[in-house]
Structures are given as structure tokens and as C-alpha cells.
Amino acid sequence: MPTGPAGGPARTSVFLSFRGRDPGAYAAVVLDRELCALVGERHVFRSSRSIRAGQAFPERLADGLRRSAVTVVLIGPDWLTATSRGSGGEPALHQPDDWVRREIAESLAAGIPVIPVLLTETRAPRADQLPDDIAALASRQYLYLRNRHIGGDLRDLVAELRVVAPALFVSRLLTPPPDGGDPGGGPAPAELPPSALLRPELGVVPFRGRDAELAVLEHWLDGAAPTSALLLTGAGGQGKSRLALELCARRRALGWVAGPLAAARPGQPSFDDVARAGELGVPQLLVVDYAESDTERVGRLAEALLARRPGSVPARLLLLARAGGDWLRELSEYPDSDAVAVLFTAAAMPWHDLTLPSGGFDPDEEFLRAAAAFARRLGLRAPGTAPDVMPPGLDAGAASGGAAAGSLLSIHAAALNSVLDAEVAAATEPEPAVPPAGGEPAWPSPPSRPRPGGTRPGGQGPAGRPVGGQAADTALGRLLRHERRYWRRSLRQASLPEPFIRRLDAVVSAATLFGARTEPELHGLLAVLRPLDGAAPYAVDRYLRWVCDLYPPVPRLDDEQLVAPLRPDRVGEELVAQTLLAQRGLLAKVGRLVGWEQARRALTTLGRVLPRHPDLAADVAELLAGDPARLVVDAAMVLPRIAEPGPLAEAVEAVLARQPDPTAALQVVGVLRTDMPAWAGLHERAVSIALAAVDGDGPAELAATADLLNLRATRLLTLRGPAAAREAEPIVLAVLRIRRRLAEEAADDPGRQRDHARALARWGYCLAGGEDPDRARAPLAEALRHQRRLLAWWPTTIGGWWPAAAGPVPPALVEAGLNLLRRDLADTLTIAATGPAAQRALAQVGEVPDPGDLDLSFLDGKPDGPGLASGGLDLAPALDPARTLVESFALINESSELLAQIGDAADYVLPAELAGLLDLIRERDGVLLHALAAPEPAD
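Residues numbered from 1 in each chain as written. Predicted model: local features only at pLDDT ≥ 70, side-chain atom pairs only at ≥ 80, totals over all residues. Heavy atoms only, no water.

The name given to the chain in an unreviewed UniProt entry is TIR domain-containing protein, and the organism recorded there is Pseudofrankia asymbiotica.

Novice: Please clarify how the nonpolar core should be interpreted in this entry.
Specialist: General note: in soluble globular proteins, nonpolar side chains tend to be found buried as a group. In terms of nonpolar packing, the biggest core is built from 122 residues, with Phe374, Trp546 and Val547 touching the most fellow members. The residues contacting Val547, other than those within four sequence positions of it, are Val507, Val508, Ala511, Leu522 and Val563. Counting residues in each nonpolar core, the second largest holds 28 residues, with Leu231, Leu286, Leu331 and Met349 among its members. (Core = buried A, V, L, I, M, F, W, Y, C linked by side-chain atoms within 4.5 Å. Buried < 20%, exposed > 50% of the residue type's maximum accessible area, 1.4 Å probe, protein only. Contact = heavy atoms within 4.5 Å.)

Novice: Would you mind going over the pattern of salt bridges with me for this structure?
Specialist: Proximity of charged atoms lets side chains of opposite charge pair with each other. For the structure shown, the criterion picks out 32 salt bridges. For Asp222, the salt bridge identified is with Arg251, shortest N-O distance 3.0 Å. Of the two residues, Asp222 sits in the loop between helix H7 (211-221) and strand E6 (227-233) while Arg251 sits in helix H8 (residues 240-252), which places them 29 residues apart along the sequence. Within this structure, Arg60, Asp63, Arg66 and Arg67 form a network of salt bridges that share partners. (Salt bridge = Lys/Arg side-chain N within 4 Å of Asp/Glu carboxyl O. Helix = DSSP H or I, 4+ residues; strand = E, 2+ residues; numbered from the N terminus.)

Novice: I tried to follow the pairing of E6 on my own but got confused; where do I start?
Specialist: Both faces of the sheet carry side chains from a regular strand, because those side chains alternate between them. Within E6, 7 of the 7 residues are buried, which leaves it mostly tucked inside the rest of the structure. Sheet topology places E6 next to strand E9 (residues 315-321); 7 bridges connect them, and they run parallel. Bridged to Leu232 within E9 is Leu320. As judged from the 3 bridges shared by E6 and strand E10 (residues 351-353), these two strands associate in the parallel manner. Directly across from Leu231, in E10, lies its bridge partner Trp351. (Pairing = 2+ DSSP bridges.)

Novice: What am I meant to see in the pairing of strand E3 (residues 68-75) here?
Specialist: Within E3, 8 of the 8 residues are buried, which leaves it mostly tucked inside the rest of the structure. Two elements, strand E1 (residues 13-17) and E3, share 5 bridges in a ladder whose sense is parallel. Counted as the bridge partner of Phe15 is Thr71 from E3. The pairing of E3 with strand E4 (residues 114-119) spans 5 bridges and is parallel. Bridge assignment links Val72 to a residue of E4, and that residue is Ile115.

Novice: Which parts of the structure should I look at to understand the packing of aromatic side chains?
Specialist: How two aromatic rings sit relative to each other is given by the distance of their centres and the angle of their planes. All chains considered together, the criterion is met by 3 aromatic pairs. Relative to Phe45, the ring of Phe15 has its centre 5.0 Å away and its plane inclined at 10 degrees; by these criteria the two rings are stacked. Separated by 30 residues along the polypeptide, Phe15 in strand E1 and Phe45 in strand E2 (residues 44-45) bring together distant segments of the chain. Note on Phe15: relative accessible area 1%, which makes it buried. (Phe/Tyr/Trp six-rings, centres within 6.5 Å; stacked < 30°, edge-to-face > 60°.)

Novice: Looking at this model, I keep getting lost on a nonpolar patch on the surface. Mind explaining?
Specialist: Together, Trp596, Met637 and Val671 make up an exposed nonpolar region whose accessible area comes to about 250 Å². Of note, Met637 is situated in helix H23 (residues 628-638). (Patch = residues over 30% accessible without salt bridge, like charges linked within 9 Å, V, L, I, M, F, W, Y side chains within 5 Å. Areas by Shrake-Rupley, 256 points an atom, 1.4 Å probe, with all protein chains shown as cover.)

Novice: Help me understand the confidence of the model for the chain, please; the structure alone is not making it clear to me.
Specialist: Residues shown with low pLDDT carry predicted positions that ought not to be read at fine detail. With 71% of its residues at a pLDDT of at least 70, the chain reaches an overall mean of 74. Across the chain, element-level confidence peaks in helix H17 (residues 501-514) with a mean pLDDT of 94 and bottoms out in helix H32 (residues 838-841) with 36. In this model, residues 1-7 is a region of pLDDT below 50 whose contacts with residues beyond four sequence positions or in other chains number 21 contacts. Overall, residues 834-911 carries pLDDT values under 50, and its contacts beyond four positions in sequence, including any with other chains, amount to 119 contacts. (pLDDT = per-residue confidence, 0-100.)

Novice: How should I be thinking about unusual backbone geometry in this particular structure?
Specialist: Phi is mostly negative for residues that are not glycine, and the peptide bonds are mostly trans. The omega torsion across Arg567 and Pro568 is 0 degrees, close enough to zero to call that bond cis. For Pro568, the position within the fold is in the loop between helix H19 (537-550) and helix H20 (569-582). Its identity as a non-glycine residue notwithstanding, Glu498 has a phi of 50 degrees, on the positive side. Its location among the elements puts Glu498 in the loop between helix H16 (474-494) and H17. A residue is classified by how much of its surface remains accessible, and Glu498, at 48% relative accessible area, is partly exposed.

Novice: Even after reading the chapter, I still don't get the sheet that holds E4, so can you show me in this structure?
Specialist: Sheet strands associate in pairs through backbone hydrogen bonding, adopting either a parallel or an antiparallel arrangement. Pairing within the open sheet is parallel, and its 5 strands lie in the order E2-E1-E3-E4-E5. A single partner strand is all that each edge strand has here, and the edge strands are E2 and strand E5 (143-145). Helix H5 (residues 150-164) contacts E3, E4 and E5 of the sheet and is inclined by roughly 140 degrees relative to E5. (Axes fitted to C-alpha atoms, helices over the stretch in contact; angles between N-to-C directions.)

Novice: What is the right way to look at the sheet that holds E6 in this model?
Specialist: In space, the 5 strands of this open sheet follow the order E7-E8-E9-E6-E10, with parallel pairing throughout. Where the open sheet ends on each side, the last strands, each with one partner, are strand E7 (257-260) and E10. Each strand axis lies, on average, 15 degrees off the axis of its neighbour in the sheet, ignoring direction.

Novice: Please explain the environment of Arg601 as it appears in this structure.
Specialist: Inspection of the secondary structure assignment puts Arg601 in helix H21 (residues 596-609). Measuring from C-alpha to C-alpha, the distance between Arg601 and Val638 comes to 8.9 Å, with 37 residues separating the pair along the chain. Those residues in contact with Arg601, other than ones at most four positions away along the chain, are Ala511, Thr512, Leu513, Phe514, Gly515, Gln561 and Pro565.

Novice: Could you clarify how one ought to interpret the environment of Val419 in this entry?
Specialist: Within the secondary structure, Val419 is located in helix H15 (residues 408-427). Classification of Val419 as buried rests on a relative accessible area of 1%. The spacing of Val419 and Arg381 is 38 residues in sequence and 7.3 Å in space, taken between C-alpha atoms. Those residues in contact with Val419 that lie beyond four places of it in its chain are Ala371, Phe374, Ala375, Leu378, Leu380 and Pro383.

Novice: Is there a simple way to think about helix H3 (residues 57-66) in this case?
Specialist: Note that an α-helix has 3.6 residues per turn; residues three or four places apart therefore point the same way. The set of residues buried in H3 consists of Leu61, Asp63, Gly64 and Leu65. Tucked inside the fold, the buried residues of H3 contact E1, E2, helix H2 (47-50), E3 and helix H4 (99-110).

Novice: Just to check I follow, could you spell out the side chain of Glu483 for this structure?
Specialist: You can see Glu483 is positioned in helix H16. Arg489 provides the closest opposite charge to the buried, unpaired Glu483, separated from it by 8.5 Å. A distance of 2.6 Å separates polar atoms of two side chains, one belonging to Glu483 and the other to Tyr551. If we ignore the near neighbours within four places in the chain, the residues touching Glu483 are Pro193, Pro194, Ser195, Tyr551 and Leu566. (Lys, Arg positive; Asp, Glu negative; His and termini not counted. Polar contact = N/O pair within 3.5 Å; in protein donor to acceptor, adjacent residues only side chain to side chain.)

Right, dumping it as C-alpha cells:
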């Protein structure tokens, strides 16, 4: 089993057993290096590396065995016969206190896999050559590690480890606690920037409280479902990450594999390891921080968890995000797996919002507790309770407990400030000046607000803390003064030319916003910042090395990055805001240099900052203007990933208005959903720009115009109600006129005929939701006639295009097209049957009523009404979504294979009309049905 004794620590390591006087000792070094590169040092135990000087050998060896999921025994030519001091010439292996013997015996007794690995020219030991307590080793399947085959043998060994101990590789997917322990368990490095003391993974302030929240989370973890997800949202700094780390630490103590998912990187273990670990009895709690920023990875992880065999141990996926939003809809409509989509629906996934602790939480008490913890870590004097030692940095919202809602981060930052302020006062060190932001104070003060309990003269609260005159992030702003003081101390070794505070701010802000993978990439970025513009290359290089040394990448969190951002994130965001407000034009030349990854990172950070600092909209626009054709689209892709996308959407819209780019506008239209109010203005602007750019009245231009107008109408119709329908009607009619003209010009083109019929149905849909639903009868009747004719026409039409050399038309291809047309007809019938309720029925393709529930009295007795839904047409497949979807999966796959074969033939070119219609089939059926397959045949 993968858990330790009596539910102890999870077995997530590999133990290398070797004899020091055997060639296995050298092989252990080689294997140790290879495995550490693959799964990390924390998960490989080799005594001569893992046991440090001064540590007790027996205890550390026993701990390594307790944590091992597999023991690899390296056996060389002298392994059986080597002697030890005081053994009287008898082989050491037969001594009761021999460590190699004890390692193997304990591993066999624990029931974990033991893999013998035979080195060059070594035979497998026989049972009669081994002591009784390890005689079972002789029956274990062995592997080789030979000099001349080292590469292949290593690959075979790793492949075997992946099968028998997948927990090793799952742990590699996670971010390790500091020093291999739990949060707060190990000492922080001797010299840390002040901001690092607030990072949740260091746990400087001991975890306390949150009993109610932990009870809910523990109940979820212990639930009966084999796989489930939970969403935890909250503003930055409320303690989501720290709460998740505490939960992970508790579960690791019970033998779970638990931790935050590490950053994606090349060569990372596969999510398939997650599934294998669950099947072998390793319960898992996987935490995804900033889940909104990488829904694709969340979906793939969920797929792996759901792919486990029935009966697997629990697997839990904890998503952390600042807020819900469109990203949640992406997960609940996950295209590659219906099971994943269901996992993230509101009905299946609990969602809790984290705020300040409840139940008698006292900000003053928390402030003093945190200050004492920081003082202990720094070796300084803890503040007392007297008013004269309380700092002027606590967020007024946090102190008063009001709606302005402080955060735990603000309280802890203020506590850290109090400790550092006292140190500065004692040393009488002058404080570095913070440049003013455009002539305004760096930390503008909001109107004062009374605090319960009254105030003292001079605006002091009961604890001697200012009540009014504090900005929302005063504590974080004050902390940045101490961070700059730390920078200044580091300058003694850096030899920076002209280290003005503006330069230091700009360099750290750029590293936080954009990051970089290589030195040339970071050098190019820093060289165009205004404070360094024109500086000599050697000077830029020194600033580059300074910031990389100051904030080195955190393993598995900043992998592939040259420099880490300033953390916690709210501290980094505050620095970026201060710097941009103080140094207008800082990003003027950056936009044309950054790639997609850097742009996404910067725009995500700026999108989070904008709601708190709306004056930064001009700086965002300046960045986008550096390469609007590319960065405007990048920004549109970021919008669904941030909690409050409105301000960023407005900034993007302003750039499009000043620099209309039809290509970028069209891409923005394709990226954004039409029904999100947060970016409705941007969507409308992009559609208008793309429409204005359509030049000419050829078929392609007219079709493009109709597509864009249809998007505009869709956005309006999703608002629902007579007013929206009235505004959408002229747009829908314009689309209909275009589709009708194109259909008349090509009477034998099924694609254009289908578009015409759908435009008629869309007009009926619009009218059915308006003030006079009865007006929908005529266009719906006409649409039904067209769709019936297309159903009868399709099998003969495709025969006229099919190449004779390919043989008869494949029935699967005919049926796939018929399924598409049947669903069109079913959609139209649904509108006709339900009237205004059609807006709900058409929200999804699958929301079609049962045939027996259709009320077609809407058409009965009206001109062209009788018989439209009859005439012997078999609509059951279209009106039975589950059956149709399952059957269509095989049809689409078969058709796609046939098309690929035909496309390879040199003497045949697929007609554009047929290709277009088949693309529609794939788009509507293939995407929606990709995850549905016919039941597997019984064994």
C-alpha cells in the first residue's frame, strides 16, 4: 500500500539500497542523478546524499524507508560476499545489524515493491544464499543496469517504476512544501525579502482558525464519490492558498498524495500517472491555484481522474480562483468529455466563497499574533499592546470589519510592517523616497470612516491605530517601502550603475509583469524600459543579474523561467500599479517585443489591477498599441480568465476604436462569447469594424457579412425579451436577404440552401420571442418546407459530386448529412411548437423535447400549416438527442476517414460546395459528439 504505517506519511519516494563496498555504490550515484531529474530530490532517498552531516543515521534511514513506495536494491559482484569491520570474515549480509539487510527486510515486511537490479556481470542471488528474513528477494523479478546498455536499462527501470509506484510521478506534478516539510515546518532562508515572509507556502504565521471552512472541506474529501471537484473563490489575500496548503498537510499525514499543481513545463510527468496512482490505492488531493487562467489543463487533469477504473480510491480536485466567470462555463461545456463537463456543473461541484474568518474573529488579536510570529522568524522584538508601538499600516476595512473588507494579507502585512518599522527606527536608517504618481500622493486616502468603539484625538482608534485616511492597500504599500530597503541593501554586492529607485521599480515591475525564459529575452525587455532606455548593454546586464539573484525562480512554480515575480501576487500587483502610476509611458516600447506567453501573463496581471486602479487604463492601452493586431486578440483571450474583466475590455475597446484593425476585430469576434455583458461593448465594436471592412458584393464577401451580422443578432437575442427581439429583427432580416440572394444564385448548392433555411428559422425565432409571436408562423412554415426538401435532395445531390473511381457513395456520409439536416428541422419544429419558450429550447443543441411532447397546434389550420410535420419523415433520430449523438459519432469518424482518403487522390478535388457542407457536419456533430462513443462490445 502507498500509505505509511498506521496511516503515516504517504509513500511517495524511491529508496535506493546499495552496499558501500560494492560497485552498486557507484551505480546508486548514477541512478540517483537520473531519478532526481525525473521526480525530484525529495522523492529519491540515497543515504549518502539524503542524510546530512550531524543528522542521526538510524532515524533518517528509518524515515526514508517509511516514505518509500518502492525499494530498488542495487546488486553488484561483491554484494553477497562483502565483509564489514568486526564480522570476523563472515559476509556482512548475514549480520543481524547489517543496514542493507534491514532495509530489504523492512521493505518486504511493509509489502511495498522491491526491485533487484543486477549490475554488469552479476548473477541473481539464490534463496539459499540469503538470510531467511530476506530470502523472498530471490523470487522478485529483477532488472539490469549494465555499462554497455546503460541508456536502455535506465529507460526500462523508469518504465517499471512508473507502473509499480506512480505516486512518485504524481508528486512530481505538485509543488513541494519548503525544505520537504509541511508549511511552516522548516526554517526560511536566512536572508529573504520582506515580501517572501508573507508567502503562504512558507507559513511563517502559524495556521489558526478556519474551523468551519476546514470542516466543510474535510466532509467533501471524505465523501462517497470516487472523483469530485470543489471551487473555492475569494479576493486576493483572503487566504485561499494557505487554507488549501493546510488541508493538503493534514491529508498527507493520512497517507494522501496532496499539494498544489506545479506549473506546466516540458518533460513533466503525464496526467496518466494520476490515474494509475488512484488505481493502485493512492488517494489524491490536487489543488489548482488560479484555475481560471488554465481551463484546458484543468480539463485534462479531470479527464485523467475520471479515467480511473471503478473502485479506485478517492481523487479530489480543489480549484482556487478569485471569482467565477466565463471560465467556469468553458469547463461545464468541456468539448472532449461529457463526464468532465458534468463534473464542473453547478449541480455537481460545490462552490464556496472565502472571506475573513467568522465566529469572533478579532483583527487586533490576529495582528498581534502575526507580528509575534514575524518577530520570532527575524530575531527581532515583538510589538506589545501599548498604543505607541502599534503601526500605522493596517487596512481600515480590515480593522473595522466593515464592508470595505480587509484581508488576512493586509493584516499580516501591517503586522510585518510594525516589526520592520521598529527595526528601522532603532537603526535610524533613512527611508527611500517613493516617487509620486503624477504629482499625486503615492497612497491616496479615502474618506475616513468611524470605527466601533470611538476614536481618540488625532484619528487614533482604541488600539492606537489610525482609522481614517488609509487607502485600501496601505499595508501593502507600506510593505513595499521595506522591500525597497531590502533592494538597497543588495546593491552593495550588485555594483549597479545609477541605481535610482525609479530604475529598481521598473526592473522588478517588468520581471513581475512579463517574466522571461532566457537572458536575451529579459535583456531586450529591460533595455526598452524608459529608465534604462539608452543605457549601455553592460548596465542592462547588471540590472538583469541583480533582479534574477533577488527573485530566483521557485522550483516547480517558476520552472522554465529565469526570474520569479514579486510575491504574494497582491504585493506584486501593488508594485506594478505604483510604478506605472509614477512612471507614465513605461511600457511604450514593450508591446512589440513580448510574445504570447509574456503578453498573457502581463495582461492577466493588469486585468486584475485595473478594477482597483482604473487610471492604469491608459498604460494598458499603451502596451496594446505597441502591436495592436496581435495584442488586442491576446487581451480578448485573457478576458474570460479574470474575475472583473470589464475594465480591461473597455481598454481593449478603446484601442480598437483608435486603431481599427479588421483582421484583429474578426479574431476578437471569434474569441469572445456573445452573451457576456462585461465585454458587450468590445464585441459590438469588433463586429462593426469587421463589417465595415467587407468590400464588394461577391459571394464570399456577402457570406462574411451575413456571418458577422448573425453574431450581432445572436448577442441581442441572448438578452431575451420583446425589446431585444425588436432590436434584432432588422439585423436578422438583413441576414435573410443575403442568404436568399446567395441561395438563388446557386440553386444546386446544398450549403447555401441550408443557410437560407436556417436564416428563415432564425427570423421565426426572433419573432417568436417578440411582442407578437403569431408573426413567426410564415417564416417558420417556409423554413420547414426548405428543410424537408433538403432532406429529400441530399442523397441524390451528393451522388452527383462523388468521384466514380471511389465507388458508391458511402452510406455513412449520406447519413451524417441527413442527421445534420434532421436536427435543423427539429430546431425549427421546436420553435414552432413552443413559441416564446423557444429561446430556452434552443440554448443548446441537445435541448429538444420528446416527439410525443411536441404541440404543433401553432401551425394547425394556418396557411401552409397542415402536413408540415408529417409526410412520412422519420424525425425520431433528430428528436432523440442521446440516440442521435451516439450514432453520429461512428458516422462522423467513418466519413472523416473517407474524406481523408479521397483528398489524397491526385485526380480528384472535393467541390467547394460539398467541402463546405461537410465542414459544417464536422463542426456541429464532430465537436459536440467527440466524447460520445457507442457502447463497447461485451467480452
